[in-house]
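Report on the structure
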2 protein chains.
Amino acid sequence: MQTFEKICNNFGVIKNHKTEMNSQRPVTIKDIAKKFKCSPSTVSRALNDHHLINEDTRKNIQEYAQKVGYQRNLVSLSLLNKKTASLGVIVPNISSYQESAMIDGLHSVLQPLGYTLNICVTNEQYILETEYVEKLLSNRVEGIFLSVSQETYDAGHYEHLENVIKRKVPLIFIDREYEGFETSRVTIDDYFGAFAAIEHLVLGGRKRIAHLKGPNGLTVSEQRFRGYIDCLKKYNLPIDEDLIINTNFRVESSIVPTTRLFDLPNPPDAIFGVNDQVAIGAMKVIRERGLQIPKDVAVIGFDNSPISPYIFPSLTSVARPGRRIGTEASRLFLNYLNASEDEFGVERIVLPSELIIRESSLNF
Amino acid sequence: MQTFEKICNNFGVIKNHKTEMNSQRPVTIKDIAKKFKCSPSTVSRALNDHHLINEDTRKNIQEYAQKVGYQRNLVSLSLLNKKTASLGVIVPNISSYQESAMIDGLHSVLQPLGYTLNICVTNEQYILETEYVEKLLSNRVEGIFLSVSQETYDAGHYEHLENVIKRKVPLIFIDREYEGFETSRVTIDDYFGAFAAIEHLVLGGRKRIAHLKGPNGLTVSEQRFRGYIDCLKKYNLPIDEDLIINTNFRVESSIVPTTRLFDLPNPPDAIFGVNDQVAIGAMKVIRERGLQIPKDVAVIGFDNSPISPYIFPSLTSVARPGRRIGTEASRLFLNYLNASEDEFGVERIVLPSELIIRESSLNF
DNA sequence: ATGTTTATTGCAAACGTTTGAAAAAATTTG
DNA sequence: CAAATTTTTTCAAACGTTTGCAATAAACAT
């Protein structure tokens, strides 16, 4: 129960700040009741437009509440109703285009329904992921959307998720899933997208196709990798270990690997990046070698990020409907709420990806 | 008080879902007390390692709590302590690099202190901004970090913020501020960055410098614009209205304006974009016109986004320390907590920006 | 055995709100 | 004017947790 202790300690830290000094107590229903010499119940009903309340008292109380800036305390309401109207969203890092698109999708469906999204960023750290899960459960969120962090794969632990299931809090994987865990998820068919990308290159006459792979273990990395491998196999092209190098999704992480590729005695004539960032980094190295894109080397990225059509040469990329992950996951969540105990089931939604062909992979 | 009604209605919507069916009640301290035939207080103390508790009972209770997956209810604790340990963060859109950097900065300081960030995305809408402010206050957050939405500028309303001040909840503007409002803020010296960028162009011999301006009214737009104007004035260059066109920060929003610029009888020899996205869009148009960058046209962006060094030609840009906005704003918040009533004051922190010169603006 | 100290535990109130049922007040009816 | 009815308000409990103070139990000294 170390996480529990941690939370306590943190609470301790906060307690030490003397916030009391400069934050005046918000006005409560009791305060208003005292002012009007009536009971809190009357005030409550007046503010909620209850039909069994005198029209004058209602008006008076509402006006006064307005004037003094009364805001009902949702914390106490949550406690009373055992409903917090808030949902947890855990993502590895908020700065990637894909993830902000997912969040946007969740947001677009759930915000209008009155839910508050509690967004947590793990920075790919397992320890933060577990802490956030605990904290969200302690805060009694009504559901958790989780995009698994890299370290969690590496560690292979998922006890923190068992807890969520045990509590029967809906848990939905978004984009990054843990294969072996029995819960609903919305992912994208990265395998197909990768396969299509490689096939496009092969049909364009490319023989030595390199892959700037993502971190090992991540489903998204591995699926794209499998698509790459399977397509090469289909066309009886050799699989060269030297042409497969890891990156970490960031643009700068592809510089050294790409340099290494072109230092090979037999360098590649095409590069398939695990995402657009990595592909853009590779393009720079290729240019600096004096090679032409796509004549000498074709390049394909993944994500179809907003700038991919605008850079030079425009970047062929696999479009993945990040925003739809969010909307579909929301739908799953809402279905879950409306489902009765017995008809509850694990749903796995796989959204299609699509190859968008641009200049960087044109045939010569 | 329409927002209040709105929240009620939303709560109504949620209530209708029959969550009761498939979410089992979490185990409480009372449940444990019943099991051990002792009082809740004993259980509470046992779980909190209180010194006045028998070692055996402590161990037994803790073990049992662990086994049944007890998680203390932070909602009730918040109510009791009048401390929620949560903070509101309101930003216009989460997908921009700058904003995720800010959030990352806030996060890095406040998460370790035990705070939960409640991130809200307004999509630049005034109505959403007000709703979020109300909701955060109702949820009794202990502070609000706000990056003002575009519509809020346009409307010029800020009554929703008066409410925050009245409640003495610390309100801190991050990056996008409302000039006329008396509260602390952390911004970036965009004026200086813009000035430096234009000066660099002027000294490089550019005579007709166009500006792809951001939306009118936003401080960030206007400051960059002022830097542009003032620098031109300093060097006695004429200010040509035709060379100033609005965009909305997105890459595609610069295509039409840039096209218009090069349809002018006297087209520009340099373009200063309000951000990197816009600059990248402009570069595409320039290339397609058969013009060379930087020989025929120099281009400068703003933000120094991660890919700016890697695109072709590499993009000169003004670096702005987005992450530091977050850390400084956190510092301001923590100072505020520790300050006594009388020494409370409004602080305005302006972080420096820095011109990073790359290929796209080299002299010929 | 009795008083004194010490170690454990329980009681009760509090946080802010809602809500069914009971009570009180106002109105109508005979 | 009393009884019956309707309108309006109050009471009390509940949500889960903590905590000062009182109470009990155990251990010890006299």
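Bear in mind that the values here come from a model prediction, so they are computed numbers and not experimental data. (Residues numbered from 1 in each chain as written. Chains lettered and ligands numbered in written order. Predicted model: local features only at pLDDT ≥ 70, side-chain atom pairs only at ≥ 80, totals over all residues. Heavy atoms only, no water.)

**Here we look at the overall build of chain A**
Under the convention used in this document: Counting from the N terminus, the helices are DSSP H or I runs at least four residues long and the strands are E runs at least two residues long. Summary of the burial criterion: residues with accessible area below 20% of their type's maximum are buried, those above 50% are exposed, and those between are partly exposed, where the area comes from a 1.4 Å probe applied to protein chains only. Whether two residues are in contact is decided by their heavy atoms: any pair within 4.5 Å suffices. Note on areas: these come from Shrake-Rupley sampling with a 1.4 Å probe, and a residue is covered only by the protein chains present in the view. A positive count includes Lys and Arg, and a negative count includes Asp and Glu. His and the chain ends are not counted in either. Here the site of a charge means atom NZ of a Lys, CZ of an Arg, CG of an Asp or CD of a Glu.
Helix and strand counts for chain A come out as 14 helices and 12 strands. Taken over the C-alpha atoms alone, chain A extends approximately 90 × 45 × 40 Å along its principal axes. Per-residue burial over chain A gives 59% buried out of 364 residues. Within chain A, counting contacts between residues at least 6 apart in sequence, those at least 24 apart form 73% of the total. Total accessible area on chain A stands at roughly 15100 Å², and carbon and sulfur atoms take up 52% of it. Across chain A, 42 positive and 44 negative side-chain charges occur, with their mean positions spaced 8 Å apart.

**Observations regarding helix H5 (residues 74–81) of chain B**
Residues and elements named next belong to chain B. This is how it is decided: The directions from the helix axis to the C-beta atoms form the arc being described. Counted as a polar contact is a pair of N or O atoms within 3.5 Å, where, for protein atoms, one must be capable of donating a hydrogen and the other of accepting one, and residues adjacent in sequence contribute only when both atoms are in side chains.
Leu74, Val75, Leu77 and Ser78 are the residues of H5 that are buried. Seen along its axis, H5 keeps its buried residues to an arc of 165 degrees; they face one direction. Of the residues flanking the start of H5, the one acting as N-cap is asparagine 73, its side-chain oxygen 2.8 Å from the backbone nitrogen of valine 75. Positive backbone phi, approximately 55 degrees, marks lysine 82, located one or two places after H5.

**Remarks on the nonpolar core**
Using the following cut-off: Residues grouped as a nonpolar core are buried Ala, Val, Leu, Ile, Met, Phe, Trp, Tyr and Cys residues, joined through side-chain atoms within 4.5 Å.
Counting 133 residues, the largest nonpolar core has Ile144 and Tyr228 of chain A together with Ile144 and Tyr228 of chain B as its most contacted members. In this structure, Leu110 of chain A together with Val91, Ile172 and Leu351 of chain B belong to the second largest nonpolar core, which totals 50 residues.

**Considerations on the packing of aromatic side chains**
So the rule is basically this: Here is the rule: rings of Phe, Tyr and Trp (six-membered ring for Trp) pair when centre to centre is within 6.5 Å. Planes less than 30 degrees apart are stacked, more than 60 are edge-to-face, and the remainder are tilted. Any Lys NZ or Arg CZ found within 6 Å of a ring centre and within 35 degrees of that ring's normal is scored as a charge over the ring.
A full pass over the atoms with the stated rule returns 21 aromatic pairs over all chains. On the basis of an interplanar angle of 80 degrees and a centroid distance of 5.7 Å, the ring pair of tyrosine 115 of chain A and phenylalanine 333 of chain A is categorised as edge-to-face. Pair noted here: tyrosine 115 of chain A is in the loop between helix H6 (97–110) and strand E2 (116–121) and phenylalanine 333 of chain A is in helix H14 (residues 322–338), with a separation of 218 residues, a long-range link. Side by side, tyrosine 115 of chain A and phenylalanine 333 of chain A carry an identical accessibility label, which is buried. Between tyrosine 158 of chain B and tyrosine 178 of chain B, the ring centres sit 4.8 Å apart and the planes meet at 45 degrees, which makes this aromatic pair tilted. Of the two residues, tyrosine 158 of chain B is situated in the loop between helix H8 (150–155) and helix H9 (159–166) and tyrosine 178 of chain B in the loop between strand E4 (171–174) and strand E5 (184–188); the sequence distance between them amounts to 20 residues. Ring-pair connections join several aromatic residues into one group, and the members of that group are Tyr153, Tyr158, Phe173, Tyr178 and Phe181 of chain A. Stacked on the ring of phenylalanine 225 of chain A, the Lys or Arg lysine 213 of chain A has its end atom at 4.3 Å from the ring centre. When the ring centre of phenylalanine 302 of chain B is taken as origin, the NZ or CZ atom of arginine 224 of chain B, which lies over that ring, is 3.9 Å away.

**Focus on the domain arrangement of chain A**
Applied cut-off: Bear in mind that the domain bounds are from an automatic or database domain assignment.
The domain boundaries assigned to chain A delineate domain 1 (13–52 + 65–72), domain 2 (82–188 + 322–348) and domain 3 (190–320 + 355–361). The C-alpha centroid of domain 3 of chain A is placed 60 Å from the C-alpha centroid of domain 1 of chain A.

**Description of the protein's contact with DNA strand C**
Let me state the cut-off plainly: Proximity is defined per residue: any heavy atom of the residue falling within 4 Å of a molecule or strand makes that residue near it. Gly counts as polar in this scheme, as do all residues outside two lists: the nonpolar Ala, Val, Leu, Ile, Met, Phe, Trp, Tyr, Cys and Pro, and the charged Asp, Glu, Lys and Arg.
Surveying the vicinity of DNA strand C reveals 27 residues, the closest of which are Ile29, Ser44 and Tyr70 of chain A together with Thr42 and Arg45 of chain B. Across the atoms of DNA strand C situated within 4 Å of the protein, the share located in sugar and phosphate is 62%. In this structure, arginine 45 of chain B approaches DNA strand C through a side-chain N or O atom, which is 2.4 Å from a base oxygen. Side-chain polar atom of lysine 82 of chain B to a phosphate oxygen of DNA strand C: 3.0 Å apart, as the coordinates give it. Looking at the surface near DNA strand C, the elements that each hand over two or more residues are helix H2 (29–36), helix H3 (40–47) and helix H5 (74–81) of chain A together with helix H3 (40–47) and H5 of chain B. When grouped by side-chain class, the residues that make up the surface near DNA strand C number 9 nonpolar, 11 polar and 7 charged.

**Brief notes about the side chain of histidine 160 of chain A**
Residue and element names in this part refer to chain A. Within the element layout of this structure, histidine 160 appears in helix H9 (residues 159–166). Side-chain polar atoms of histidine 160 contact the side chain of glutamate 129, separated by 2.9 Å. When residues no more than four places from it in sequence are discounted, the contact partners of histidine 160 are Tyr126, Glu129, Thr130, Val133 and Thr152.

**Focus: the packing of H6 of chain A against H14 of chain A**
Residue and element names in this part refer to chain A. Rule in force here: Axis definition: a line fit to C-alpha positions, over the contact stretch in the case of helices; interaxial angles, taken between N-to-C directions, run 0 to 180 degrees. Orientation is classified from the angle alone, with under 35 degrees giving roughly parallel, over 145 giving roughly antiparallel, 65 to 115 giving roughly perpendicular, and any other angle giving oblique. Whether a crossing is left-handed or right-handed is set by the direction in which the near helix is turned from the far one by less than a right angle, anticlockwise for left-handed and clockwise for right-handed.
Contact geometry for H6 and H14: axes closest at 6 Å, N-to-C directions at 40 degrees. Here H6 is positioned oblique relative to H14, judged by the angle of their axes. With respect to the hand of their crossing, H6 and H14 are arranged in right-handed fashion. Residue-level inspection shows Gln98, Ala101, Met102, Asp104, Gly105, Leu106, Ser108, Val109 and Leu110 of H6 in contact with H14, the latter providing Gly322, Arg323, Ile325, Gly326, Thr327, Ala329, Ser330, Phe333 and Leu334. Considered class by class, the residues forming the contact of H6 with H14 number 9 nonpolar, 7 polar and 2 charged.

**Let's talk about the protein's contact with DNA strand D**
Near DNA strand D lie 27 residues; those nearest to it are Thr42 and Arg45 of chain A together with Ile29, Ser44 and Tyr70 of chain B. A share of 65% of the atoms of DNA strand D within 4 Å of the protein falls on sugar and phosphate groups. Here serine 76 of chain B contributes a side-chain N or O atom positioned 3.2 Å from a sugar or linking oxygen of DNA strand D. Elements represented by at least two residues in the surface near DNA strand D include exactly H3 and H5 of chain A together with helix H2 (29–36), H3 and H5 of chain B.

**Here's the deal with the sheet that holds strand E4 (residues 171–174) of chain A**
Residues and elements named next belong to chain A. Keep this limit in mind: Strand pairing requires that DSSP identify at least two bridges connecting the strands.
Strand order in this open sheet of 6 strands is E2-E1-E3-E4-E5-E11, and the pairing throughout is parallel. What marks the edges here is a single partner per strand, and that holds for E2 and strand E11 (348–351). Across this sheet, the average inter-strand angle for adjacent strands is 15 degrees, counted without regard to direction. Relative to E4, strand E3 (residues 144–146) runs parallel, the two sharing 3 bridges. Bridge pairing links leucine 146 to phenylalanine 173 in E4. Lying over the sheet, helix H7 (residues 126–138) contacts strand E1 (86–91), E2 and E3, oriented at roughly 160 degrees with respect to E2. Against the sheet, H14 engages E1, E3, E4, strand E5 (184–188) and E11, with an angle of about 165 degrees to E5.

**Re unusual backbone geometry**
Residues phenylalanine 312 of chain A and proline 313 of chain A are joined by a peptide bond in cis, for which omega reads -10 degrees. Secondary-structure assignment places proline 313 of chain A in the loop between strand E9 (298–303) and strand E10 (316–319). Even without a glycine there, the phi angle at glutamate 124 of chain B is positive, about 65 degrees. The topology assignment puts glutamate 124 of chain B in the loop between strand E2 (116–121) and helix H7 (126–138). By relative accessible area, glutamate 124 of chain B is classed as buried at 14%.

**Some thoughts on the UniProt feature "domain: HTH lacI-type" (unreviewed entry) in chain A**
Using the following cut-off: UniProt positions are given in the numbering used here, feature names are shortened, and annotations may be inferred rather than shown by experiment.
What UniProt calls "domain: HTH lacI-type" (unreviewed entry) maps, in this numbering, to residues 27–81 of chain A. When the span residues 27–81 of chain A is considered, its composition is 69% helix and 0% strand, and the gap between its end C-alpha atoms is 21 Å.

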